Structure formats: C-alpha cells, structure tokens
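Below are the chains, spelled out letter by letter.
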Amino acid sequence: MNFFRGVIGGQAAGPQPSGAETIQKLCDRVASSTLLEDRRDAVRALKSLSKKYRMEVGTQAMDHLINILQTDRSDSEILGYALDTLYNIICNDEEEEQDESEDENAQKQADDLGALFTDKFIQDPEHVTLLLTLLEEFDFHVRWPGVKLLTALLKNQGVQLQGVILVSPMGVSRLMDLLADSREVIRNDGLLLLQQLTKGNAAIQKIVAFENAFERLLDIITEEGSSDGGIVVEDCLLLLLNLLKNNSSNQNFFKEGSYIQRMKPWFEVGDDNSGWSAQKVTNLHLMLQLVRVMVSPVNSPGATSSCQKSMYQCGLLQQLCTILMATGVPADILTETINTVSEVIRGSQVNQDYFASVNAPSNPPRPAIVVLLMSMVNERQPFVLRCAVLYCFQCFLYKNQKGQGEIVATLLPSTIDANSISAGQLLCGGLFSADSLSNWCAAVALAHALQDNLTQKEQLLRVQLATSLGKPPVSLLQQCTNILSQGDKIIRRGSKVQTRVGLLMLLCTWISNCPIAVTHFLHNQENVPFLTAQISENLGEDERLVQGLCALLLGICIYYNDNSLENYTKEKLKQLIEKRIGKENFVEKLGFITKHELYSRAAQKPQPVFPSPEQMLFDHEFTKLVKELEGVITKAVHKSSEEEKKEEEVKKTLEQHDNIVTQYKELIREQDSQIQELKEQVASMTSQNEQKQATITQQLSQIQQHKDQYNILKLKLGKENQSQSNSQGDVSQVNGLQTEELIQLKEEVEELRKQHTLLQTQLDDKDALINTLRSEAAQTAEGSAGGSENTELLKELEALRSQVQSQSTEINQLQTEREELLRRAEAGSSDVVHSSDGSLDTAKMAELESRLAAQMTETERLKEETKSLSGSRADLEQQLASATSTVAILQTEKAKLQTEVQESKKEQDDLLMLLADQDQKIHSLKQKLKDLGETVEDEDDLDAREQTDDDEEEEEEEEDED
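Residues numbered from 1 in each chain as written. Predicted model: local features only at pLDDT ≥ 70, side-chain atom pairs only at ≥ 80, totals over all residues. Heavy atoms only, no water.

Draft legend 1. The pattern of salt bridges, seen in detail. One pass over the full model with this rule turns up 20 salt bridges. The salt bridge partner of Arg44 is Asp41, with a shortest N-O separation of 2.7 Å. Within this pair, Arg44 and its partner Asp41 are both found in helix α3 (residues 36-49), separated by 3 residues, close to a single helical turn. Judged by its relative accessible area of 29%, Arg44 falls in the partly exposed class. One salt bridge in this structure joins Arg292 and Glu336, with 3.0 Å as the shortest N-O distance. One end of the pair, Arg292, is in helix α17 (residues 278-294); the other, Glu336, is in helix α20 (residues 331-345), with 44 residues separating them in the sequence. Residue Arg292 shares its accessibility class with Glu336, and that shared class is buried. In the salt-bridge network here, residues are joined through shared partners; they are Arg40, Asp41, Arg44, Asp75 and Glu77. (Salt bridge = Lys/Arg side-chain N within 4 Å of Asp/Glu carboxyl O. Helix = DSSP H or I, 4+ residues; strand = E, 2+ residues; numbered from the N terminus. Buried < 20%, exposed > 50% of the residue type's maximum accessible area, 1.4 Å probe, protein only.)

Draft legend 2. Region of interest: a nonpolar patch on the surface. Together, Ile660, Tyr664, Leu667 and Ile668 line one region of the surface with nonpolar side chains, adding up to about 380 Å² of accessible area. Topologically, Ile668 is positioned in helix α39 (residues 641-722). With relative accessibility at 46%, the residue Ile668 sits in the partly exposed group. (Patch = residues over 30% accessible without salt bridge, like charges linked within 9 Å, V, L, I, M, F, W, Y side chains within 5 Å. Areas by Shrake-Rupley, 256 points an atom, 1.4 Å probe, with all protein chains shown as cover.)

Draft legend 3. The arrangement of unusual backbone geometry in detail. Note the cis peptide between Asn363 and Pro364, where omega equals 0°. Along the chain, Pro364 turns up in the loop between β1 (359-360) and β2 (366-367). Positive phi is not limited to glycine here, since Lys399 has a value of about 55°. With respect to the element layout, Lys399 can be found in the loop between α23 (383-397) and α24 (401-409). For Asp452, which is not a glycine, the phi torsion comes out positive at approximately 55°. Structurally, Asp452 is set in the loop between α26 (436-450) and α27 (454-460).

Written as structure tokens, this is what we have:
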C-alpha cells in the first residue's frame, strides 16, 4: 500500500522511478494481487497515467485490463476503471486536441497509435463479445465507459469491428437497447455509437431498422422538440440518413411503416421566421435531406414514385411548398427546400400538377413557377439559389408534356398577356440579357420545355420577337442564331463561352429529331457558313467546346435532314464538310464535347451542382443527348451516298418487316380477343344449356304428373258413368266424403242451438236478478243508515252490467257462427245434388286435356331449341380446338419448368447433405484436436468456464466478508 501512496498520494523520498517502470510495477500488481482492493487501486493508477503515457500503458497493460474485464465482473468500480483506461489509450480525440499546433507527422503518429491498439484489442473476437456483454450491465460506471470504448473502436477500425458485431449473437440487439436507456447521457452516446456502426454496412443497417429503430428515433425527435430540438435531434437525423441512404430495403420498410406521414409536423413553420438558431437550421437541413433520400433520382423508379405519392397524400408536399413561399426563411434552408420540392415532383404527374397550381402570397397572386424564374434570371440572387430554381424547373418539366405545353404556350402570340409576367417572357428576357449565367440558365430551361416533345418543338417555331422599333419581328430560332453568328453588339454581348454554349445546347435540343426545325434552321443562309467557319478555325482551349457543339449542331442537320432544301441536302452538307473541314477533323472536333472535364461531372446526376458559375457549362439531359447522337452522326458523316441508299433500302425493308410483324401482332391480338369472346360465349351457352336441360326435366316431371292425374280422373269418370244408372244412395257412396262432412255440420249446428238456449236461460236469470237489485237499491236509498251498503250494491250492479254486456257479445258471435254453419250446410247439400250429374267431372277432364296438349307443344319447342343449341355447341367446340392446342403447348412448357424446379430441389438437397458432412468433419477434427491436447472451446466449455468464474467470485466475496 505504501507503493500506491507514493504513486497517487505523494512523492516518496529518494530517486523517482520513470513512467515505464511505474506502469510495469502497476501491471505486476494487477496481475499478482489477490485482494480486490489492491487490484482496483492499481487499475485506478493506470487510468490516471493512461493519457500521459499512452504508449506505455497500451503496450504493457492492455492484456491485464482485458483479464480484469473477464475475471472481476462482480465489481463495477474496477470494471469502470479498466474500461476508461482502455478508452484513453484507444481514442484519438485527446491527442487531436493536443496536437493541433504540431505538425502533421505527429498527428499521423497519434492516429496510428489508436489504430495499433485497436487492432491489438480486436485480434481476438472474444474481446468484442466480452465488451458487448458488459453493455448489458445497468450500472452507469460500466455501461457508459463501455459505450465510449466501443465507439472509439468503431472510429478506428470500423469495417473489422462491424464484421465481428454482425456475427456476434444478439450483438446489434444489445446496442439497440441503449436507445431505451432512461439516462440521457448513455442514450445520446448510444446514438453516436449506432452512427459509427451503421456506416457503409447494409446488413447492419437492415438489422437496426428491423429492431424498431425508426419508431424509437422518431419518438426521440418528437420528445426533443423536432426542428427546434438540440444536438440530440441532429444525431437522430444523421442515424436515420445512415439507415436510409442507398438502402432500398430500409426505404421500403420506412414507407410501408407509415413513417413518411410522421415527417410532416417537422416542416410546420410559423408566420414569424426571423431569428432561427444555428441548430434549428442544421436540423431542418438534415430533415430536408431525409426527404430527398426517399425520392432521390438514383432510387428505383417504382420506389420513388410510391414515396412521391405518399408525400402528396399526407400533405408533406403542401407543407414544403408553404416553406417555399414563406418570408424570412434562411437562404440555405430555402435553397435546400427548393431542391427537395424538385425531387418530390420529378416525374410524378399528380405532384407536378399540384406544384403548377401553387401561387405566391403576393398582390396580385403569381404562380410559384413565375416567382422562382424571376429569382433564376436575377443576377443579384445567390448562385446556389439560382441553380436550385433551375433544378426545380427541370424537375417540373421532366416527363411532363402537359407542363411543357403550358410553358411554350406562354410564348405564343395568341396567349401573351401584356398585363402580367409569364414564364415565357422571363425565359426570353434571361435568354437575351447581359448576364451570361442568366443566358445559360434560360437556354437550358427552355431546352427542357422541348425535351422529347416533337409537338412543342414545332410550336416554338411560331414564336416571334420584336427586336427594335420599325423592324419586322423575327422568330426565336433566328434570333438565337443571330446572337451566335452576327458581328454587331449582339455578338459582343453573347461572346462569352457560357452564353454561346447555352444557346448551342438549346439549338441542338430544339432541332434534334425534328426535321421541320432543321429545315427552318437551314433556311437561314448564314447558319451553315458560320458553323463551318467555327469548326474549321484553330481556336484556343476555351473555344474547343464551342467548336464541338457547332460540329454537333451541323451533324444533327445532316442526320435529321429530310432533303427538302436543294442547297442543303444530306449529300451536299457532307460534301461541304469534306471540302472545308475534313471528315477526320470534324469527328475530332465533335469528340471535344465528351472529352471536356466538366462533361463527365454533369453526366453523373440530374441536379446542377457547380462549385462556381464559370464551371456551369453542361446540362445532365444534354449529356444524354450527346451520348445518343455522337455515334450516329459519326457514321452518317462517313457514309457514302451508295451506303446511304443501301441503308435507306434496308430501312424500308425493315419498316416493311416491322409493318408485317405489327400486322401479325394485331391479327394475333384480334384472334386472342375472339378466342376469349368465344370462350365466354361457350361458357354462357353451356350454362344456358344446363338451365334448359333442368327446365326440360322439370317440365317432363310435370307432364308425367299431369298424365297420372289424367289417368286417375279417367278411371273416376268411368266409375261415375257406370254408377249413373244406380240409385241416389250410390251417388252418396261415391261422394261419401261430402256426406260425412254434412253430418258433422248438422251435429255442430245442434250443439250450437243447445248452447244458445242455455245462454238465453242464463240471460233471463241475470235480468231478473238485476231487477231485484234495482228495487232493493231504491229502498235502501230512502234510508239514512244504508250509505255504505248502497255503495257496495252499486259496484256489484256495475259489475253485473259489464258481465251482461260481454255475454251479449258472445251470444251475437254464436248466432253469427250458427248462420254461417247453416249456410255452409245448404251449400254442401246443393253440391251433392249437382255432383250426381257428372257434368263437373266432364269440365275438369276437358280442362286437363287442354293443359296436357299445351305442355306437349311446349315440350316439342324446347326439344327444337335443344337441337339448335347442340349444333352451336359443336361449332364452338371445333373453334376451341385451336385454343386447346395452345393450352397443351403451355402445359408442356409448364411440365419442363416443373422438371427444372425438381432438379434444383435435388441440388439443394445435395448441398444440405454436403453441409451435414462438413459439420460432421468439423466435429471429428475438433475431437482429434482435443485428443492431441489442443484447447478447443465449445459452447459447453464456455458455460463451464463462466460457472467456474462465478464460483470463484462467490468465494472471494465470502473471504471479503470474513
């Protein structure tokens, strides 16, 4: 203990040991001390020396510290000291702060030191597994240093550590539990740890996402105040960006989990947007980037379209447009919002239509597109903002022929409104302004209004411009060529490379794939000489790009020439190139475009991102046009007239073949539709046939029933005719049933008469009683003492009256029933008399015979219909024969596919057998190693070791207590 007092508490007498000697003694103490308190003090001393003597502590003490983590798991204090010491020797942050004023070599040496100790630590993957296990400890002094240590390891050797954590059981899940820790320090450092863990590893990103990371992160962002939150919100957003960027699986999971809807409240801004904090700007910038990740043009078209649809339906696009038109929003947030809106509407017709309907809150209201274009052609606006507006305009017109038509329509004479500023007027103003950047932006924007739209290319030829007073108007196409070719003030104003490149890109886009526009361009006699002169000259490095674009424009005039102008047919233009320029020189100048250093940068992504305005030369869509046309123009220039004729013949032949194939395709489609209709007809006729058969069966059964009834009646009629000569008694025997009914009726009448007599007697008795009571009531009313008895008698009298009334009602009902029974009895007797004639049976016979004849007629008609249906069914079966053969072919192909599936299943079974053999071999090799005396740790051995460690810890605790 005196030694520790000397190291920690104060200086001892005599010569002082060096740092390396002190660290060696401390390491020996850690390794040899049996008391936990001595080891704890030694580790504490190593921690205090670890920053100053980083190399010595890392070299000598790392193994002892790792051993402490393995053996002293029961003491959280010593674990915390050991973890802090390991963090100090592995982390480079402190060294970076100290070495800010030193040279780069010292800084590099410090970084190498951290990487060296990190490599040493992760040489054994069990060390990382041990560290992950320690993170399950809830004790703050263990968990927090463990999180920091693992973060430092990931910073130094992220790829190797990611591989170890990925294969570690429940490794990622243990780290995800840090987000649920109630202590904010651990939760926030857990966010930093997950940021390092998810960098560049798609597999870990997927595991983290499916561990409910999106739900937890969004909850933390909401709890911390969304965009108004602090650095924790920024860390959550950075982690979300790591999980979603370039990971289509996580993006789909984010969308399917309805997490896009939860992003909408982030962008709710108030009327007063002044005084935004730097943290809020950073948070909102990251939130906008998160939206862009979901709809990035590099994503698959289907996923992007689905996310765009969700953003419109949940109101996120509307919220972004509100920020776009709000006042007081910081410039960088406004720029990023414009870029975000651009990608949300890109290629989505519904979103593009909504954006076209957005108006700025001005007086009078102006469309948002017009307000944005005003910023784009205003040279006082920031460069990045103008680039963002151009990108927004390009995305609005991308695959949007309706929007392209609306923009071009604002330039046509019939739709120009002198009282309002339109998009077309702004583009024309920017196209011919003195600012070269405005010229370029307006030219590219107008080119996007014509992209892949032949109709609008032809419509734009109608646009007329008034150049000056007293001069006739000129077309827009001619004015663009005038700026390029004439030598007055216009050319000096447009002599900058950026302006000329923009105009040449517009002209190339305009006349490509549009023979009418090519004819209009060639109709100006000055254009072709100007282009040939530009191409043939030997100009400087800056002018090479202009020469290449002029060569491209001339090549388009050759390739899309319909030979309508005699002076400028394809052949004459090629002869002109050969004489004045030379074919090889022409092709070389054409290649200047793709060889330019800015060409490849613009071809990478649609968004125009340039470090400075001078480097803003190429448009992304134009690079695709150059890639498409360069090869065909080169071939067109080198082809002779004979080759062209042959090609035209081949084209005609191919067109004929294509027409024939198209006709056959249409014929096959028609036949398919006819077969489908015939199948439907067969199905309907089959069902109708079944219904008819059922009806026939039912009617046959009814006919049989009528025949049976007819035979029975015929027998009855024969018997009645034989009994007509007999007496009336025989008639009554034939109608015995009616006689019995008559006897019963008579008995009922007699019984009713008896009841009536009895009721009449009771009624007389009641009347006599009522009279008696009345007389008694009159006598008692005269006396003074009979008040109460009189009241009771009156009540009894009223009861009797009601009883009499009910009985009278009952008597009336019985009389009515009696009369009805008598009437029925008389009717029954008259029927008996008439039945003796036999005329009723004759009438019934006639009626039955007529019904039978009608049924027979109906049966014959149904049989005829059945025959006709059977004929049509046979025809349909013949027509279905061809369809059946097609089905047989498909079934054969299906059988082949099933055979292939069976073969693949057999191969999988063979692979499983091979894997089983490999497992058996591994097991046998492990057994051999064990037999040879090598240590091979299985899961059972690890469990036994942990149990032994626990027993030793318990014994040590008991010794400490003693």
